[in-house]
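# Architecture and fold: a report
Listed below, chain by chain, are the residues.
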Amino acid sequence: MSVEVLPFELSFQRPFTVEVARTLTIRNTGSSPVAFKVKTTAPKQYCVRPNAGRIEPGQDFDVSVLLQAMKTEPPLDAKCRDKFLVQSAAITPDKEFASIASVLDSTEKSKVQERKIRVNWQAAGEDPASLAPAAAVTPSKPSLTNGASETPEPSRNFSSPSANLESSQADLRSVESHDDDNVSEAPKSVVSSAAATVSNAAQLTYEELKAKLAQAETQIASLKDSGLRQRNVKGSPESNPKPAPTLAQANRPPASGVPVPIVALLCLISFLLAYFFF
């Protein structure tokens, strides 16, 4: 397996307050397909598209490296210490249908080829090819696990730009959700205070209704008592005296008729006569 990475250094021209894009070419010069992955020491500053893939034998693959826009322009004498790491491993027949990550993870470290790419910051209008000769004499260095010696450098962690981009997006979503929670606390406090006010008003209204209901019951009881007293007064003989006879009734003559003893005697005589003669 043999993989070439061009250019040996990535040069970005100012201004850096806007996005600056460069292309990284990975070439497979071997006879078997390879899987590659691009990592960087500054994953929040760069965006790599794509950051992993498969290259067939004799084929080239272009990777777009995007330098994110900075808020302020760095000083002219500032040196960039960012680096990129291109890892590649051969895809064996038993890993033909495996994912890129699983191929790199399952391959022995001694068989994983690594290429380090430095990053340079250039002034506006400077020719990126001006650094090419110096970079050309720098041979591509294999991994330390292969036993090759190289000048020790300060160890810096490489990470996948896309993975860090997802984490930054997750942080952004968490911040937005936290802001939404803070914003929603104010309406909740207003609602709780309004609910407390309504409950207090309801309690006051309930107490007033109870007082009014008791007062109404008292009035009803008093009305019932007064009604009973009035009925008792109306039903007593003293309260209903007979009306005095009028003058016409006093002067009316007694009714005329036959006295009762005479009528009885006449009936007895009639009975005796009928008994003896009939």
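Every value quoted in this text rests on a predicted model; they were computed, and no experiment measured them.

Right, let's get into the overall build of the protein. Helices and strands together make up the secondary structure of the protein, namely 5 helices and 9 strands. If you list the helices and strands of the protein from N to C, you get β-β-β-β-β-β-β-β-α-β-α-α-α-α. Within the protein, the proportion of its 278 residues that are buried is 22%. Contacts in the protein between residues far apart in sequence, at least 24 positions, make up 74% of those at least 6 positions apart. Carbon and sulfur atoms provide 60% of the accessible area of the protein, an area that totals close to 19,800 Å².

The feature "transmembrane region" (unreviewed entry), as annotated in UniProt, sits at residues 258-277 in this numbering. Note that residues 258-277 is 90% helix and 0% strand, and that its end C-alpha atoms are spaced 27 Å apart.

Before going further, it helps to examine the pattern of salt bridges. Counting across every chain of the model gives 5 salt bridges. Linking Arg27 and Asp60 is a salt bridge whose minimum nitrogen-to-oxygen distance equals 3.1 Å. You can see Arg27 sitting in strand E3 (residues 20-28) and its partner Asp60 sitting in strand E7 (residues 60-67), a full 33 residues away along the chain. You can call Arg27 partly exposed: its relative accessible area is 31%. Residue class for Asp60 comes out partly exposed when judged on its relative accessible area of 43%. Residue Arg54 is joined to Glu96 by a salt bridge in which the shortest nitrogen-to-oxygen separation is 2.7 Å. Note that Arg54 is positioned in strand E6 (residues 52-55) and Glu96 in the loop between strand E8 (83-90) and helix H1 (100-106), a separation of 42 residues in sequence. Put simply, Glu4, Arg27 and Asp60 are held in one network by salt bridges that share partners.

Time to look at the pairing of E7. In this structure, E3 lies alongside E7, joined through 8 bridges in antiparallel fashion. Among the inter-strand pairings, Val20 is bridged to a residue of E7, identified as Leu67.

This brings us to the sheet that holds E7. With respect to topology, 4 strands assemble into an open sheet ordered E1-E3-E7-E5, the strand pairing being antiparallel. Each edge of the sheet is formed by a strand with only one pairing partner; in this case those strands are strand E1 (3-6) and strand E5 (46-49). The sheet shows a mean angle of 20° between the axes of neighbouring strands, taken without regard to direction.

Considering the arrangement of structural elements, one finds Ala123 in the loop between strand E9 (113-122) and helix H2 (132-136). As for Ala123 and Gln13, which are separated by 110 residues in sequence, their C-alpha atoms are 5.6 Å apart. Not counting chain neighbours up to four residues away, the residues in contact with Ala123 comprise Gln13 and Arg14.

Once that is clear, we can look at the packing of aromatic side chains. A full pass over the atoms with the stated rule returns 5 aromatic pairs. Where Phe12 meets Tyr46, the ring centres are 5.9 Å apart and the plane angle is 45°; that geometry is what we call tilted. With a gap of 34 residues between them, Phe12 in strand E2 (residues 9-13) and Tyr46 in strand E5 connect regions that are remote in the sequence. What makes Phe12 buried here is its relative accessible area of 0%. Residue Tyr46 is classed as buried on the basis of its relative accessible area, which comes to 2%.

Ranked by size, the top nonpolar core spans 24 residues in total, and within it Phe12, Leu24, Ile26, Tyr46 and Phe84 carry the most contacts. Breaking this core down by element, the ones donating at least two residues are E1, E2, E3, strand E4 (34-40), E5, E7, E8 and E9.

Inspection of the secondary structure assignment puts Ala52 in strand E6. Sequence separation of Ala52 and Lys39 is 13 residues, and the distance between their C-alpha atoms is 9.2 Å. When near neighbours in sequence (up to four residues on either side) are disregarded, Ala52 contacts Phe36, Lys37 and Ile100.

How each quantity is defined
- Going along each chain's sequence as written, the residues are numbered from 1 onward.
- Residues qualify for local features only when their pLDDT is at least 70, as the model is predicted, and side-chain atom pairs are given and counted only at 80 or more; totals for whole chains, interfaces and linings, by contrast, use all residues.
- Heavy atoms from the whole structure form the basis of all side-chain values; hydrogens and water molecules are not counted.
- Helix numbers and strand numbers start at the N terminus; a helix is a DSSP run of H or I with at least 4 residues, a strand a run of E with at least 2.
- We call a residue buried when its accessible area falls under 20% of the maximum for its residue type, exposed when it is over 50%, and partly exposed in between, using a 1.4 Å probe and counting protein chains only.
- A contact between two residues is defined here by any heavy atoms of the two lying within 4.5 Å.
- The Shrake-Rupley method, run with a 1.4 Å probe sphere, supplies the accessible areas, and residue values consider only the shown protein chains as cover.
- UniProt positions are given in the numbering used here, feature names are shortened, and annotations may be inferred rather than shown by experiment.
- Here a salt bridge means any side-chain nitrogen of Lys or Arg lying within 4 Å of a carboxyl oxygen belonging to Asp or Glu.
- Only strands that DSSP links by at least two bridges are regarded as paired with each other.
- Every axis in this analysis is a line fitted to C-alpha atoms, fitted for helices over the stretch in contact. Angles between the N-to-C directions lie between 0 and 180 degrees.
- When the centres of two rings from Phe, Tyr and Trp lie within 6.5 Å, Trp using its six-membered ring, the rings pair. Their planes under 30 degrees apart give stacked, over 60 give edge-to-face, and anything left gives tilted.
- Here, nonpolar core means buried Ala, Val, Leu, Ile, Met, Phe, Trp, Tyr and Cys residues that are tied together by side-chain atoms lying within 4.5 Å of each other.

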